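In case you want the letters, here they are:
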Amino acid sequence: MSTTSVDSPAQRKKITTRSFVQKKQRSEPISVLTAYDYPTALALDRVGVDSILVGDSLGMVVLGYENTLPVTMDEMLHHCRAVARGARYALLIGDMPFMSYQADVNDAVRNAGRFLQEAGMDAVKLEGGRERIEVIRAIVGAGIPVQGHLGLTPQSVHQLGGMRAQARNAAAAQRLLEDALLLQAAGCFSIVLESVPARLAEFVSQRLEIPTIGIGAGAGCDGQVLVTHDLLGLFERFTPRFVRQYANFCAQMETAFTAYKADVEARTFPAEEHSVEMLEDEWQQFLNEFGA
Ligand code: KIV
């Protein structure tokens, strides 16, 4: 008997931005994880994760940058395409990289459009509150679903003075609530709340019609997102406090690579079953013609 909870293809329906809102209305938690490549997208889609975010965390956990600021549109689109080839059902969200939407509204709409037109995404995400209303309206006006992102917004790391929890005093909490309501009014279909107090996130979630997706924002959000490399123990530089690590892939990789190296050095790999053979008479003919 199978113990897997994976739905058969016949039972599966593509998750849309509408399903996101319906899930909130039914009080069903929304599961989101990041992916940056085809095999991870295949695995996430197979287990029925609601949404895959191709986050600009790509820059840190895959490309080895210090933070998310150097990530470019081309890098994002390249990885979005790989994810789109692996996922059929999950709602696919592409993260707009730093400076792809901040400087000019028309450029922002064009860049957002590229995620859908060239990279198979269903929606885009961008960071910021009241200062992004004009750009969100324009992107939504072009028919492109937008997910907002409030609280700790990593593209503003220098302005925030580091990767630290946000909205921890009454004034900042009020500002975050106002921003969330403004993003909803501007047409966002959901909002990521990152590193904010759990009771504030729950309060905000209850006041919104659109779902909140929390990361380091407690259990009162309508859904949760994690960076997959954190969950898998595949990013060692640091692990935020809010991460639950479900596996230790770094340790597993090292074990496998060490065993491979030892096998190569001991000449126990490749073995016979890994090798291609040649018919004996062909070999003899070869030796007759070219052998010493
Ligand atoms: O880039 C990313 O992965 C994100 C999530 C942490 C929400 O923005």
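Residues numbered from 1 in each chain as written. Predicted model: local features only at pLDDT ≥ 70, side-chain atom pairs only at ≥ 80, totals over all residues. Heavy atoms only, no water.

Run through the pattern of salt bridges, naming residues and quoting values.
Evaluated as defined, the whole model comprises 12 salt bridges. The closest approach of N and O atoms between aspartate 74 and arginine 114, which form a salt bridge, is 4.0 Å. Placement of the pair is aspartate 74 in helix α4 (residues 73–86) and arginine 114 in helix α5 (residues 105–117), with a sequence separation of 40 residues. Overall, the relative accessible area of 57% leaves aspartate 74 in the exposed class. Note on arginine 114: relative accessible area 25%, which makes it partly exposed. (Salt bridge = Lys/Arg side-chain N within 4 Å of Asp/Glu carboxyl O. Helix = DSSP H or I, 4+ residues; strand = E, 2+ residues; numbered from the N terminus. Buried < 20%, exposed > 50% of the residue type's maximum accessible area, 1.4 Å probe, protein only.)

Describe a negative patch on the surface, naming the residues involved and giving the relevant values.
On the surface, a cluster of negative charge is contributed by Glu272, Glu273, Glu277, Glu280, Asp281 and Glu282. Tracing the backbone shows glutamate 277 in the loop between α11 (249–265) and α12 (280–290). Classification of glutamate 277 as exposed rests on a relative accessible area of 74%. (Patch = residues over 30% accessible without salt bridge, like charges linked within 9 Å, V, L, I, M, F, W, Y side chains within 5 Å. Areas by Shrake-Rupley, 256 points an atom, 1.4 Å probe, with all protein chains shown as cover. Lys, Arg positive; Asp, Glu negative; His and termini not counted. Charge placed at Lys NZ, Arg CZ, Asp CG, Glu CD.)

Hey, could you go over the packing of helix α6 (residues 133–141) against helix α8 (residues 170–186) for me, with residue numbers and the actual values?
Interhelical geometry of α6 versus α8 gives an angle of 25 degrees and a closest axis separation of 9 Å. Between α6 and α8, the crossing angle belongs to the class labelled roughly parallel. When you trace α6 past α8, the crossing you get is right-handed. Mapping the contact onto sequence places Ile133, Ile136, Arg137 and Val140 in α6 and Leu182, Leu183, Ala185 and Ala186 in α8. Tallied by class, the residues present in the contact of α6 with α8 amount to 7 nonpolar, no polar and 1 charged. (Axes fitted to C-alpha atoms, helices over the stretch in contact; angles between N-to-C directions. Parallel < 35°, antiparallel > 145°, perpendicular 65-115°, else oblique. Left-handed = near helix turned anticlockwise from the far one by under 90°. Contact = heavy atoms within 4.5 Å. Nonpolar A, V, L, I, M, F, W, Y, C, P; charged D, E, K, R; others polar.)

Before we move on, can you summarise the domain arrangement of the protein with the specific residues and values?
Split into domains, the protein comes out as domain 1 (17–247) and domain 2 (252–289). The centre of domain 1, based on its C-alpha atoms, is set 46 Å off from the matching centre of domain 2. (Domains from an automatic or database assignment.)

Residue-level account of the site of the ligand, with values.
Around the ligand lies a shell formed by Thr34, Leu53, Gly55, Asp56, Ser57, Asp95, Lys125, His149, Val192, Ile215 and Val227. At 2.5 Å, a side-chain N or O of serine 57 approaches an oxygen atom of the ligand. A distance of 3.0 Å is found between an oxygen atom of the ligand and a side-chain nitrogen or oxygen belonging to lysine 125. Here the ligand loses 95% of its free accessible area of 260 Å² to cover by the protein chains. Residue classes in the shell around the ligand are distributed as 4 nonpolar, 4 polar and 3 charged. (Near = heavy atom within 4 Å. Polar contact = N/O pair within 3.5 Å; in protein donor to acceptor, adjacent residues only side chain to side chain.)

Please set out the nonpolar core residue by residue, giving values where relevant.
Ranked by internal contacts, the top residues of the largest apolar core, which has 60 residues, are Ile52, Phe115, Ile139 and Leu193. The dominant element in this core, judged by the number of residues it contributes, is α8, at 6 residues. Apart from residues lying up to four places away in sequence, isoleucine 52 is in contact with Leu33, Thr34, Ala35, Ala41, Leu44, Val83, Ala87, Ala90, Leu91, Leu92 and Ile93. (Core = buried A, V, L, I, M, F, W, Y, C linked by side-chain atoms within 4.5 Å.)

Report on the pairing of strand β2 (residues 51–54), specifying residues and quantitative values.
Residues Ser51 and Leu53 of β2 are buried on one face, and the alternating residues Ile52 and Val54, pointing to the opposite face, are buried as well. Relative to β2, strand β1 (residues 30–34) runs parallel, the two being bridged by 3 bridges. Looking at the pairing, leucine 33 lines up with isoleucine 52 of β2. As for the winding sense of the linkage, the β-α-β connection from β1 through helix α2 (residues 38–47) to β2 is right-handed. Here 4 bridges tie β2 to strand β3 (residues 91–95), and the two strands are oriented parallel to one another. (Pairing = 2+ DSSP bridges. Right-handed = clockwise from strand over helix to strand, strands pointing away.)

Go over the sheet that holds β2, please, and point to the residues and values.
Taken in spatial order, the 8 strands of this closed barrel run β1-β2-β3-β4-β5-β6-β7-β8, and their pairing is parallel. Averaged over all pairs of adjacent strands, the angle between strand axes in this sheet comes to 25 degrees, irrespective of strand direction. Looking at chain direction, strand β7 (residues 212–215) and strand β8 (residues 223–226) are connected through 2 bridges and run parallel. In the sheet register, isoleucine 213 faces β8, and the bridge partner there is glycine 223. This element, α5, spans β3 and β4 (123–125) of the sheet and lies at about 135 degrees to β4.

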